[in-house]
Amino acid sequence: MTTLAPTLIESTLQPNITLVLVTVGLVAAGTALALDRSLVRVLLGMVLIGNGIAVLYLVVSGRAGRAPFVGEDPAAISDPLPQAMVLTAIVISLATIGFLLAMSYRLWQISGTDDVPDDAEDARIQRLAIEDQTSSTYDPSEESTTTSDELADGDGSPRRP
């Protein structure tokens with residue numbers, strides 16, 4: 001058992017620098033694309049991030065080896081857990097890509113563009129906040145259920161109108 005542990009530790013502590021740089025590049029480029037307002041670029045960003053994560057699992061899985069069968073030498077076989085995690089990452093990224101593809105297709109059908117528009121309600125709330133006004137639907141006679149309003153009185157009791 002003592003001869004097996006140093007071999008496994010050494011194989012996982014010496015990652016392939018090229019694969020690490022590929023992983024960093026894919027995830028960085030994918031993150032930059034995912035922060036865009038165009039859903040097609042977000043879709044491409046998610047593809048790059050998913051592929052970067054799959055390469056990352058290859059990096060952390062250690063050196064390659066034979067298939068893990070019973071009776072094989074444990075030092076010569078590959079670890080099956082990272083392989084299962086790569087398959088899981090592929091399934092998750094495929095589901096995310098399918099959802100984004102359906103959303104971008106629906107947005108294209110409705111608006112003719114793939115840019116996500118600003119939400120009109122968010123813009124109105126932001127304008128009211130800048131002007132320090134309340135919404136037309138605000139009812140000051142209703143009792144608040146939020147902790148911040150209850151603590152504003154200082155005694156911990158809810159405000160009474």
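Cut-offs used in this document
- Residues numbered from 1 in each chain as written.
- Predicted model: local features only at pLDDT ≥ 70, side-chain atom pairs only at ≥ 80, totals over all residues.
- Heavy atoms only, no water.
- Helix = DSSP H or I, 4+ residues; strand = E, 2+ residues; numbered from the N terminus.
- Buried < 20%, exposed > 50% of the residue type's maximum accessible area, 1.4 Å probe, protein only.
- Contact = heavy atoms within 4.5 Å.
- Areas by Shrake-Rupley, 256 points an atom, 1.4 Å probe, with all protein chains shown as cover.
- Salt bridge = Lys/Arg side-chain N within 4 Å of Asp/Glu carboxyl O.
- Axes fitted to C-alpha atoms, helices over the stretch in contact; angles between N-to-C directions.
- Parallel < 35°, antiparallel > 145°, perpendicular 65-115°, else oblique.
- Left-handed = near helix turned anticlockwise from the far one by under 90°.
- Nonpolar A, V, L, I, M, F, W, Y, C, P; charged D, E, K, R; others polar.
- pLDDT = per-residue confidence, 0-100.

## Examining the overall build of the protein
Of the regular secondary structure elements, the protein holds six helices and zero strands. Listing each helix as α and each strand as β along the protein from the N terminus yields α-α-α-α-α-α. Taking all 161 residues of the protein together, the buried fraction comes to 15%. For the protein, the proportion of contacts with a sequence separation of at least 24, taken over those separated by at least 6, is 46%. Approximately 11800 Å² of the protein is accessible, and the part contributed by carbon and sulfur atoms is 64%.

## Remarks on the pattern of salt bridges
Under the counting rule described, the total for this entry stands at three salt bridges. Salt-bridge contacts for D36 lead to R41; the nearest nitrogen and oxygen are separated by 2.8 Å. Between R124 and E121 there is a salt bridge whose closest N-O contact spans 2.7 Å. Highlighted residues: R124 and E121, both in helix 5 (residues 120-131), separated by three residues, approximately one helical turn.

## Comments concerning the packing of helix 2 (residues 17-34) against helix 3 (residues 39-60)
Their axes nearest at 7 Å, the elements helix 2 and helix 3 cross at an angle of 160°. Classified by the angle their axes make, helix 2 and helix 3 are roughly antiparallel. By crossing handedness, the relation of helix 2 to helix 3 is classed as left-handed. Residues L19, V20, V22, T23, L26, V27, A29, G30, T31, L33 and A34 of helix 2 lie in contact with helix 3, whose contacting residues are R41, V42, L44, G45, M46, L48, I49, N51, G52, V55, L56 and V59. Considered class by class, the residues forming the contact of helix 2 with helix 3 number 16 nonpolar, six polar and one charged.

## Thoughts on the packing of helix 3 against helix 4 (residues 80-111)
In contact at an axis separation of 9 Å, helix 3 and helix 4 are set at 180° when each is read in the N-to-C sense. Regarding the angle of helix 3 to helix 4, the classification is roughly antiparallel. Side by side, helix 3 and helix 4 meet where L39, V42, L43, M46, V47, G50, I53, A54 and Y57 of the first sit next to P82, M85, V86, A89, S93, T96, I97, L100, L101, M103, S104 and L107 of the second.

## Overview of the confidence of the model for the protein
Do not read the predicted coordinates in detail wherever pLDDT is low. Looking at the protein, the pLDDT average stands at 79 and 80% of residues meet or exceed 70. At the level of individual helices and strands, the protein shows its lowest average pLDDT in helix 1 (residues 4-13), which scores 52, and its highest in helix 2, which scores 94.

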